[in-house]
Amino acid sequence: MRSGWSGTGTGSGSLLSEIDLTDLDMWQRGVPHAEFARLRREAPVAWFGEAPPNSGFWSVHKYADILTASRDVATFSSARGISFEDPTDEDMAARRTIIDTDPPEHTKLRKIVSGAFSRRAVAVYRHFVEGLTEQVLDAALAGVGAAGHAEIEFVDAVAKEVPIRVLARIMGLPENKLDLFIDLGDRLISNTDPAITDVVWGRDQTDAYRKYPFRSPYGKQLWDLGREIVRERLRSPGDDLLSRLVAAEVDGERLSQVDLDNFFSILVIAGNETTRIAIAQGVLAFCQHPEQWERLRGDPGLLDTATDEVIRWSCPTNFMRRTATRDAELGGARIRAGDKVVLWYVSGNRDEAEFAEPDRFDVGRSPNRHLSFGRGGPHLCLGAHLASLEVNVVLAALARRVTRFELAGRPLPIRSNFTNGLRELPVRLRLA
Ligand code: HEM
């Protein structure tokens, strides 16, 4: 999910030697939007070298090329992993989740869970998410003085509280383990940030954990916890998603232990971190664009387009990677079988060929065919309807209570080129 090494552009001239998309110092200063704009103009599909043991990658910057690659799963495979890492076949077999599979295997796995995440199925949770959000906001704003101002660290107080509790409800996770799930998810997804984990990618891994998620002891810990919960569900099944996974059959057979481990970990990680990022980055955008907050508050009919715009703007997952199964042409580049191909959704979301004034945060934007959930291929985010519902409900609740957001300190981005998360977002809220 990251490249902990500094690579240097080697493919097409001086531009690529100036820009290094694996330079985490650059990412920690913020998403390199200006660099991506240059790449879209001057090197839409470019080869970047990486330091060993990695092999280099094709870097795809334009919306149309990303869509082409996403659609062509026979050429651009997910089965060699979706991060910068080059895992061995053995590692891959041990920790392959649904996201690292191609059809027909992918189709079978997806069928088990797709019903639970359809638009209709998740709409049932709206009432629950509304109640939960009110509780979270009550707690976050408790003790606010008569002046009607509150200063909170928004990530901890609000953004991180909602998604994990929604997942807990859907999957049937035990309440007393939720903080641990958040912590483990952080240590895995943000494994290039030494402020978040002591097992930093490219620095601290040992081969001992190479068969666990993210090659990490925290991946093992997550699996162990999952196994405990799955065992419990086998003893007393309920109507939650884990009970359904445990009972599911593919080609007449129950899921293997490894499949269950991996399903559990991807659902807990993918469903939690990403939505938290969208909510926190959304509030940061409203701190920086107060007129858009006023506009949304003045017209609740904008809630749905505002939700899409927050998700486009925040782009919680910067990229997904594919691997070419055969020689191919993409955006004028000649890709060889075996090459890694990195699809920068964060760049496609700002592509001027698809979006009018892409650098404008516009709560009324329509159409808004953003790439934040992927697009065009079978891996389109399973939780897209659920995540949109959560963002929508949180925005609506905030719009009722908050008249203005202001920064009360410096937002702290996570040191990563994979996730667009914030470690901290100190905000001052003016309350209605
Ligand atoms: C704003 C929040 C979210 C964002 C931005 C997001 C983003 C993504 C992206 C980019 C992908 C890969 C798409 C591709 O390969 O083209 C993905 C896949 C996935 N997401 Fe999400 N996600 C979010 C929320 C969720 C939630 C709430 C869940 C619920 C459990 C979830 C579960 C998954 C799963 C299981 C996959 C793999 C799907 C497959 O391979 O078929 N995500 N997500």
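So, a few notes on the structure that sits alongside this text. (Residues numbered from 1 in each chain as written. Predicted model: local features only at pLDDT ≥ 70, side-chain atom pairs only at ≥ 80, totals over all residues. Heavy atoms only, no water.)

### Quick word on the coordination of the iron atom of the ligand
The criterion, for reference: Metal sites are built from N, O and S donor atoms within 2.8 Å, or 3.2 Å for Na, K and Ca, and they leave out water, so they may look incomplete. Under the scheme used here, helices are H or I runs from DSSP no shorter than 4 residues and strands are E runs no shorter than 2 residues, and both carry numbers assigned from the N terminus.
There is one protein donor for the iron atom of the ligand, namely Cys381 (SG), at 2.3 Å. Tracing the backbone through its elements, the reader meets Cys381 in the loop between helix H18 (345–348) and helix H19 (384–401).

### Some remarks on the layout of surface pockets
To find leftover empty space, a probe the size of one water molecule is rolled over the atoms. Filter applied, for reference: Put plainly, a pocket is an open set of points on a 1 Å grid over the protein atoms alone with protein on both sides within 12 Å along at least five of seven lines, a cavity is a set where a 1.4 Å probe fits but cannot get out, and a lining residue has an atom within 4 Å of a point. Grid points are joined across faces, edges and corners, and a volume is the space filled by probe spheres set on the points. Classification used: nonpolar for Ala, Val, Leu, Ile, Met, Phe, Trp, Tyr, Cys and Pro, charged for Asp, Glu, Lys and Arg, polar for all others including Gly.
A volume near 600 Å³ is recorded for the largest pocket. Lining the largest pocket are 24 residues, with Arg119, Phe373, Ala384, His385 and Ser388 positioned closest to its centre. Where the lining of the largest pocket is concerned, the elements lending two or more residues are helix H6 (105–114), helix H7 (119–123), helix H17 (303–314) and H19. For the lining of the largest pocket, the element with the highest residue contribution is H19, accounting for five residues. Looking at the lining of the largest pocket residue by residue, the classes come out as nine nonpolar, nine polar and six charged.

### Re the packing of helix H10 (residues 161–171) against H19
As a reminder, the rule being used: Working convention: axes come from line fits to C-alpha atoms, limited for helices to the stretch in contact. Angles between N-to-C directions cover 0 to 180 degrees. Oblique is the label for every angle not falling under 35 degrees (roughly parallel), over 145 degrees (roughly antiparallel), or within 65 to 115 degrees (roughly perpendicular). Two helices that cross are described as forming a left-handed crossing if the nearer one is turned anticlockwise from the farther one by less than a right angle, and a right-handed crossing if clockwise. By definition in these notes, contact holds between two residues if any of their heavy atoms fall within 4.5 Å.
The interhelical angle for the contact between H10 and H19, taken along N-to-C directions, is 130°, at an axis separation of 11 Å. On the basis of their axis angle, the class for H10 and H19 is oblique. As for how H10 packs across H19, the hand of that crossing is right-handed. Counted together, Val162, Pro163, Val166 and Ile170 of H10 and Leu386, Glu390 and Val394 of H19 form the full contact between these two elements. In terms of residue class, the contact of H10 with H19 is built from six nonpolar, no polar and one charged.

### So, H19
We count it as follows: Multiplying 1.5 Å by the residue count of a helix minus one yields the expected span of that helix. Burial status follows relative accessibility: with a 1.4 Å probe on protein chains alone, a residue under 20% of its type maximum counts as buried, one over 50% as exposed, and anything between as partly exposed.
Taking 1.5 Å as the rise per residue, H19 with 18 residues should run 26 Å; its terminal C-alpha atoms sit 26 Å apart, in good agreement. Judged by how many residues are buried, H19 sits mostly within the fold: 16 of 18 residues are covered.

### Concerning the site of the ligand
Operational definition: Consider each residue's heavy atoms; a residue with any of them within 4 Å of a molecule or strand counts as near. Nitrogen and oxygen atoms within 3.5 Å of one another constitute a polar contact, given that in protein one can donate a hydrogen and the other can accept it, and given that sequence-neighbouring residues count only through two side-chain atoms.
His106, Arg110, Tyr345, His379 and Cys381 are the nearest of the 25 residues found near the ligand. Measuring from an oxygen atom of the ligand, one finds a side-chain N or O atom of Arg322 at 3.0 Å. In this structure, Tyr345 approaches the ligand through a side-chain N or O atom, which is 2.7 Å from an oxygen atom. Of all the secondary-structure elements, those providing two or more residues to the shell around the ligand are H6, helix H14 (257–270), helix H15 (273–288) and strand E7 (319–324). With three residues, H15 is the single largest residue contributor to the shell around the ligand. For the shell around the ligand, a count of residues per class yields 14 nonpolar, nine polar and two charged.

### Comments concerning helix H3 (residues 33–42)
Short version of the rule: This arc describes the spread of directions from the helix axis toward the C-beta atoms.
Within H3, burial applies to Phe36, Ala37, Leu39 and Arg40. Buried residues in H3, looked at end-on, bunch into an arc of 165°, giving them a common side. Turned more than 90 degrees from where H3 packs its buried face, Ala34 and Arg41 sit exposed. Tucked inside the fold, the buried residues of H3 contact helix H1 (14–18), helix H2 (24–28), strand E1 (45–48), strand E10 (340–344) and H18.

### Some details on the side chain of Thr133
Structurally, the position occupied by Thr133 is in helix H8 (residues 126–141). A relative accessible area of 1% places Thr133 in the buried class. Once residues within four sequence positions are removed from consideration, Thr133 is found in contact with Val162, Val393, Val394 and Ala397.

### Remarks on the sheet that holds E7
Which entries qualify depends on this criterion: In short, DSSP must find at least two bridges between two strands for them to pair.
Pairing is mixed across the open sheet formed by five strands, whose spatial order is E1-E2-E10-E7-E3. The sheet is open, and its two edges are formed by E1 and strand E3 (76–77), each paired on a single side. Direction of pairing for E3 relative to E7: antiparallel, over a ladder of two bridges. Looking across to E7, one finds that Phe76 is bridged to Ala324. Helix H4 (residues 63–71) contacts E1, strand E2 (57–60), E3 and E10 of the sheet and is inclined by roughly 125° relative to E10.

### Comments concerning the pairing of E2
Residues Phe57 and Ser59 of E2 are buried on one face, and the alternating residues Trp58 and Val60, pointing to the opposite face, are buried as well. Where E1 meets E2, four bridges bridge the pair, whose relative direction is antiparallel. Counterpart to Phe48 in the pairing with E2 is Phe57.

### Section: the packing of aromatic side chains
To be explicit about the condition: Pairing of aromatic rings covers Phe, Tyr and Trp, the last counted by its six-membered ring, and requires centre-to-centre distances within 6.5 Å; plane angles under 30 degrees mean stacked, over 60 mean edge-to-face, and any other angle means tilted.
Here the structure, examined in full by the defined rule, presents 18 aromatic pairs. Plain terms: the ring middles of Tyr63 and Phe355 are 5.7 Å apart, the flat faces sit at 85° to each other, and that makes the pair edge-to-face. Here the residue Tyr63 occupies a position in helix H4, and Phe355 occupies one in the loop between H18 and H19, the gap between them amounting to 292 residues. Note on Trp313 and Phe361: the rings are 5.3 Å apart at their centroids and 50° apart in plane angle, and the pair reads as tilted.

### Observations regarding the sheet that holds strand E11 (residues 402–407)
Here we have three strands laid out as an open sheet, ordered E4-E14-E11, and antiparallel in their pairing. Of all the strands in the sheet, just strand E4 (149–153) and E11 have a single pairing partner and so form its edges. Strand-to-strand twist across the sheet, computed as the mean angle between neighbouring axes with direction ignored, equals 25°. Looking at chain direction, E4 and strand E14 (residues 426–431) are connected through five bridges and run antiparallel. When the bridges of E14 are listed, Ala150 appears paired with Leu429. Helix-sheet contacts for H15 involve E11 and E14, and the interaxial angle to E11 is about 90°.

Keep in mind these numbers describe shape, not what the thing actually does.
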